[in-house]
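Architecture at a glance
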Amino acid sequence: MTAPLEGIRVLDFTHVYVGPTCTRILAELGADIVKVEGLTRIDTVRMLLATDNNLMPEPWNRGFYYALRNAGKRSLTIELTSEAGRDLIRRLVRDFDVVAESFTPRVMKGFGLDYDSLRVTKPDLVMISLSGYGQYGPQSDWSAYGMGLEPASGISQITGYIDGPPIRSGISFTDPLSGFVAAGAVLIALHHRRRTGVGQHIDLSEQEAAIALTTHALLDYQMNGRPARRMGNRSRVAAPQGCYRCAGDDDWLALSIGSDAEWQAFCDAIGKPDWATDERFRTLLARHENHDLLDELIEGWTKGQDHYEAFHLLQKAGVNATPVLNGKELLFDPHLKARNRFDLLDHGAQGRRPIPRHTAAHFESFDPAPKAAAPLLGQHNREILREAGLSDAEIDELESTGVIGNRPEMAALAGRAVGGRAGMARQISPEDLVEIGAVLRYETDYKEQLGLDA
Amino acid sequence: MTEATETTAEEQVGPLDVLTILELSEGVAGPFAGKLFADYGARVIKVERRGKGDRSRRHGPFPDDVPHRERSALFLYLNTNKESITLDYETASGAAILRRLAEDADGIIEDHPTRRREEFGLDAKSLIGRIPRLVISQVSGFGSTGPYAGRPWTNLTAFAAGGQMAMLGDPDREPLLAGGNQAEYQLGLHAFTATLGALWSAAQTEHGQVVDIGAMGAMATTLELSLSNFLYRNRKSRLEPVGAPSPAIQGPPRRGNQQSAAIGLYPVKDGWVGVHAMARQMPALLAMLGIEDASLGEDRLRRNDELLAQMYAWTAEVTKHEAYRLAGEHQAPLAYVHDMKDLVESEHLRVRGAIREVEHPEAGVQSYPRGPFTLSGSDWLEGRAPLLGEHNREVYGEIGLGPADLVRLRGAGVI
């Protein structure tokens, strides 16, 4: 059983979210992803969300955000600020098929590691450059990040309660979606290169990738001159459609009834057959007209139901309904478990942890499981450089001159960034997190629940 | 990186131009995957039901809200660069035609098939038995294995079950659906990449396969942190020895429009702006706000209310364009909520050729976004969505059906 991209090698300079999402998918499809960090510039998410809040002994190897995004990759540290480091990259790239980077545009050019430079040693290189606003254009060097970019994609305009303000997506929308688009882009370029022998440079703007998922509203605006309307959970077609409170603290049922037959099935299933013949609800148009009243009545029923039980009851009757599942529930859902959505990977001292897959597809020919947990900093330095033909003496020299290594510079830990100021947030205790309302509750036996120590 | 090159539609050659995909899918998910193939040069033959076509032709929105099967915005957007044929393949004659078309295809994208397909030898197993290199990607709500396999689904219900919904909306009311059919679009996106992966394998091994993608699973891949929030926060301070029982913290799933003062949506004079400043962007944000106290950045979580007040005060005094411009100057991560007009009029997007005019015989000239990325050495195609059955003659001609045959088949309701 071979994975499709086995034998494909990616030199991965991307950090944080969007780029690592792209290369994570390529890793699951079998590619060898060599993640490059510098000792003065480690992926900042290595310091985010330390497992069990325990930062010791090596804080840069305990970030769980990093573990989620970088499972299945190998780690190589090369200091890009040194000419020796950059020469090493140019030497390595010969043995790689793809280079991925997500620097602010023109940084790679400044390093002499842009597409035209790297093509000298690797003429058929495929390179993907990911950035918030693209490689050129009036906004190409603007800061673009999470909620500071999402609104520029159009998604915020069309997301919100009925006639209410725009609402955040909650998932840093442009980042994961652009990462998925990027994986497709690399595959396109690989297909093309296999056929023609020619590589390409891919310019992926997160803004544009996200726009691709939001824009039939664009046509509506042009056809009818009206701004996109926020519709809450309602549909222009199905009725009733909405999200209804169930028994419990914050449990909800999503419901979408698209036909008269489905409405009948729903009414029968919940023991309210008279609703199906009630003039106010009998037809689709009537249900639309009386939607508010219908919502109240439906919630009168759901309030007494467990959201999972209501889901099973209604699905058995052929009604479109699902529970709104939160992070914890996803980890325990039997369907997602059966579908191998989480891999229990060994993180050394931190033990085994469930890591969500990034590839949603199931293949017959192979299983897209990550090969291993996210790597420690510089874990594969020696291995990778030996593969590239360097002698142990050469590798020792690089180590002693700080071009490669396993311990970041202190400045890197302080999160050196734009302006050079130490931007690291102070460590905040869980008690304070509760006090400021950032967290909800504790569960002391989560490891047992998840079977992590078994 | 060179600027986008201008070529005519006839001259354009996309990077996938040797691939042929049969699209047996309706709505959003399968067609979005098909669109990405078509926009980047693959030949995508969309098989539609005669008379009605893809159900998104009935979805709208329509010009002046007058339904017309060639003027539905959803269809027009999702089906650019495809060829349309009409075919009822759940007939003996239609199935024979489809099998013939499949012989020339590299891949099929389909909705979860009905059992009727087996009767006509159109199930995946039969097709791959005849055409071993064929890749068949099936999109559905829950996939074809697992306890919920085969259950009905909609955009809303997949979105709810997949975890994104729990994080969207105000904490004290119902969670919210993201706009624009997100579950379906994202399912299509996963299907696109997966199909390309399987096609890559097929070219090497001469073996195709069935690829099975479910929307609930696709939704669950996009969760940045909500899983880790359950697991990885310890109530004890970090001085506690490792190995002590580790409680888990569950973060509040929804925080409305402010995750914290530095991450949220704020109203401005003529709209809203989004801001996202982590530790290293705080200096830039504070500079833009005109705040000199740098410690407010370092202490931003503990002094959240103070920063919140500053943000509200500043945003109340600016317009969305002013805020965007100032953010650009200061390198602060802020963007205003672009409505559709803003997207069409965005100078940045125009300079990048990201919004292009496309002409359609029934819907006129509209601005569409071009493909989500550009490649230096090949084109993204600028074509339009097809009329229903527009390519019957051409496509059926290629498999040896002449005009008289088409008349007969049309009369019998097959085409």
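Anyway, here's the lowdown on the structure attached to this text. (Residues numbered from 1 in each chain as written. Chains lettered and ligands numbered in written order. Predicted model: local features only at pLDDT ≥ 70, side-chain atom pairs only at ≥ 80, totals over all residues. Heavy atoms only, no water.)

A closer look at the overall build of chain B
Secondary structure summary: chain B contains 17 helices and 14 strands in total. Burial statistics for chain B: of 415 residues in total, 63% are counted as buried. Put simply, of all contacts in chain B between residues at least 6 apart along the chain, 67% involve residues at least 24 apart. Charged side chains of chain B number 44 positive and 55 negative; the gap between the two group centres comes to 6 Å. (Helix = DSSP H or I, 4+ residues; strand = E, 2+ residues; numbered from the N terminus. Buried < 20%, exposed > 50% of the residue type's maximum accessible area, 1.4 Å probe, protein only. Contact = heavy atoms within 4.5 Å. Lys, Arg positive; Asp, Glu negative; His and termini not counted. Charge placed at Lys NZ, Arg CZ, Asp CG, Glu CD.)

Concerning the interface of chain B and chain A
Tallying the contact residues gives 169 residues for chain B and 173 residues for chain A. For the pair chain B and chain A, the two sides together bury roughly 15300 Å², of which 62% comes from carbon and sulfur. Two residues, Arg370 of chain B and Glu208 of chain A, come together in a salt bridge whose shortest N-O distance is 2.9 Å. Summed over the shared surface of chain B and chain A, the result is 49 residue pairs in polar contact (both at pLDDT 80 or more). Looking at which element gives the most residues to the side of chain B that touches chain A, the answer is helix H7 (residues 182-205) of chain B, with 16 residues. Tallied by class, residues from the side of chain B that touches chain A come to 86 nonpolar, 54 polar and 29 charged. (Buried area = accessible area lost by both parts, 1.4 Å probe. Salt bridge = Lys/Arg side-chain N within 4 Å of Asp/Glu carboxyl O. Polar contact = N/O pair within 3.5 Å; in protein donor to acceptor, adjacent residues only side chain to side chain. Nonpolar A, V, L, I, M, F, W, Y, C, P; charged D, E, K, R; others polar.)

Remarks on the pairing of strand S6 (residues 201-205) of chain A
Summarising burial for S6 of chain A: 5 of the 5 residues are buried, a large majority. Burial along S6 of chain A is two-sided: His201, Asp203 and Ser205 of chain A facing one way and Ile202 and Leu204 of chain A facing the other are all buried. In the classification by handedness, the crossover that spans strand S5 (residues 126-131) of chain A, the intervening helix H6 (residues 174-196) of chain A and the parallel S6 of chain A is left-handed. Direction of pairing for S6 of chain A relative to strand S14 (residues 374-375) of chain B: antiparallel, over a ladder of 2 bridges. What sits directly across from Ile202 of chain A, in S14 of chain B, is Leu375 of chain B. (Right-handed = clockwise from strand over helix to strand, strands pointing away. Pairing = 2+ DSSP bridges.)

Overview of the pairing of strand S6 (residues 209-214) of chain B
Summarising burial for S6 of chain B: 6 of the 6 residues are buried, a large majority. Here strand S12 (residues 362-363) of chain A pairs with S6 of chain B via 2 bridges, running antiparallel. Across the sheet, the residue bridging to His362 of chain A is Asp212 of chain B, located in S6 of chain B. Of the strand pairs in this sheet, strand S5 (residues 135-140) of chain B and S6 of chain B are connected by 6 bridges, and their pairing is parallel. Bridge pairing links Val135 of chain B to Gln209 of chain B in S6 of chain B.

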